[in-house]
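Descriptive structure summary
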Amino acid sequence: MLHLPLALPVPVAAEQKSAEVTDWAARVGWVVGLLLFIAFVYWLMRQGWKWRGSLQSGLPELPTAPAAPGTPTLAMTGRYHGSTTAGQWLDRIVAHGLGARSRVELTLTDAGLDVVRPGANDFFIPAAQFREARLDKGIAGKVLAEGGLLIVTWEHGGTLIDSGFRSDRSAEHTAWVEAVNALTALPQGARNAATDTMHVTTEGPAR
């Protein structure tokens, strides 16, 4: 009986996949280029901010709160979202720190509005400089829900300014609009009298 040799199985060699070679030089160059681009954009933004500030250099120094502004009518904690030229919500005002968004504590009295900003410049809006208050949804490039911002329009150095605030409790906004507009509706003489009283209290009686 003829015995044929058994065919031995032919081992199949597994294909050796070469490890991908990472081009580290190209990757590092790409990352460095991206970082340089981000730095350049940031530099352009800073230059634009400085340029806008120089254009607004004629804006006088902001008023500061008197030592004894009177009995508070309303108080609020929330955020300050910036100031713009009145009616132009993208024309941001950056002079005297008005362009910096921050936390805010507001106190309204018959003398005016005290704006306290932790980490940023505080300022005071005398009642005589109020023009109106309203609810809105956007200012200085910031857009919120309809009625999400309290906008106070005031005059300073011949410029009408919109300043935007948002309370931690937005339901308070309506009361603030009514209170500020109530002061605005007073005759100019009455508002000036409140401001004069404020100065007398701060500086003492004239001699």
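Placed above this text is the structure.
Residues numbered from 1 in each chain as written. Predicted model: local features only at pLDDT ≥ 70, side-chain atom pairs only at ≥ 80, totals over all residues. Heavy atoms only, no water.

**Digging into the pairing of strand S4 (residues 123–126)**
Consecutive side chains along a regular strand alternate between the two faces of the sheet. Rules: Buried means the residue's accessible area, taken with a 1.4 Å probe over protein chains only, is under 20% of the maximum for its type, while exposed means over 50%, and partly exposed covers the values in between. Helix and strand definitions follow DSSP, with helices as H or I runs of at least four residues and strands as E runs of at least two, each counted in order from the N terminus. Strands pair, by our definition, only if DSSP identifies at least two bridges between them.
Of the two faces of S4, the one holding Phe123 and Ile125 and the one holding Phe124 and Pro126 are both buried throughout. Taken together, the 4 bridges between strand S3 (residues 112–116) and S4 define a ladder with antiparallel strand orientation. From the neighbouring strand, Leu113 faces S4, where its bridge partner is Ile125.

**Comments concerning the pairing of strand S1 (residues 74–85)**
Both S1 and strand S2 (residues 102–109) contribute to a ladder of 7 bridges, which runs antiparallel. The residue of S2 that forms the bridge with Tyr80 is Ser102. Pairing geometry for S1 and strand S9 (residues 159–167), over 7 bridges, is antiparallel. Note that in S9 the partner of Thr85 across the bridge is Ile161.

**Considerations on the environment of Pro69**
As a reminder of what qualifies: Working rule for contacts: check all heavy atoms of both residues, and any pair within 4.5 Å makes them a contact.
Here Pro69 shows up in the loop between helix H1 (24–55) and S1. The exposure class assigned to Pro69 is partly exposed, which follows from its relative accessible area of 28%. Here the alpha-carbon distance between Pro69 and Asp114, two residues 45 residues apart in the chain, equals 8.7 Å. Leave out the neighbours within four places in its chain, and Pro69 touches Thr109 and Ala111.

**Describing the packing of aromatic side chains**
This is how it is decided: Side-chain rings of Phe, Tyr and Trp (the six-membered ring for Trp) are treated as a pair once their centres are within 6.5 Å; stacked means planes under 30 degrees apart, edge-to-face means over 60, and tilted covers the remaining angles. A ring is considered to have a charge above it if a Lys NZ or an Arg CZ atom is located within 6 Å of its centre and within 35 degrees of its normal.
As enumerated under the stated definition, the model contains 3 aromatic pairs in all. Centre to centre, the rings of Tyr80 and Phe165 are 5.6 Å apart; their planes meet at 50°, and the pair counts as tilted. Taken together, the positions of Tyr80 in strand S1 and Phe165 in strand S9 put the pair 85 residues apart, joining distant regions of the chain. Relative to Trp154, the ring of Phe123 lies with its centre 5.9 Å away and its plane at 15°, an arrangement referred to as stacked. One end of the pair, Phe123, is in strand S4; the other, Trp154, is in strand S8 (residues 149–156), with 31 residues separating them in the sequence. For Phe123, a relative accessible area of 1% corresponds to the buried category. Among the aromatic residues, ring-to-ring pairing joins Tyr80, Phe123, Trp154 and Phe165 into one connected group. Directly above the ring of Tyr80 sits Arg117, whose terminal nitrogen or CZ lies 4.6 Å from the centroid.

**Some points on the pattern of salt bridges**
Selection criterion: For this analysis, a salt bridge means a side-chain nitrogen from Lys or Arg found within 4 Å of a carboxyl oxygen belonging to Asp or Glu.
Taken as a whole and assessed by the stated rule, the structure comprises 7 salt bridges. Arg134 is the salt-bridge partner of Asp162, the closest N and O atoms lying 3.2 Å from each other. Here Asp162, found in strand S9, pairs with Arg134, found in strand S5 (residues 130–136); they are 28 residues apart in sequence, far enough to count as distant. The class of Asp162 is buried, set by a relative accessible area of 4%. On the accessibility criterion, Arg134 (24% relative accessible area) is partly exposed. With a shortest N-O distance of 3.9 Å, Lys137 and Glu146 are connected by a salt bridge. Taking relative accessible area as the criterion, Glu146 reaches 62% and is therefore assigned exposed. A single salt-bridge network, built from bridges that share partners, covers Glu132, Arg134, Asp136 and Asp162.

**Considering the sheet that holds S5**
Quick reminder of the rule: Here an angle of 0 to 180 degrees is reported between the N-to-C directions of two axes, which are lines fitted to C-alpha atoms, with helices fitted over the stretch in contact.
Pairing in this open sheet of 7 strands is antiparallel, and the strands run S4-S3-S2-S1-S9-S8-S5 from one edge to the other. This sheet does not close on itself; its edge strands, each paired only once, are S4 and S5. Across this sheet, the average inter-strand angle for adjacent strands is 30°, counted without regard to direction. In this structure, S5 lies alongside S8, joined through 6 bridges in antiparallel fashion. Bridge assignment links Phe130 to a residue of S8, and that residue is Trp154.

**Section: a nonpolar patch on the surface**
We count it as follows: A patch is a set of surface residues, each over 30% in relative accessible area and not in a salt bridge, joined within 9 Å for like charges and within 5 Å for the nonpolar side chains Val, Leu, Ile, Met, Phe, Trp and Tyr. Only the protein chains shown count as covering a residue, and every accessible area follows the Shrake-Rupley method with a 1.4 Å probe.
A surface patch of nonpolar side chains, about 510 Å² in accessible area, is lined by Trp30, Val31, Leu34, Leu35 and Ile38. Mapped onto the secondary structure, Leu35 falls in helix H1. Exposure remark for Leu35: the relative accessible area of 53% places this residue in the exposed category.

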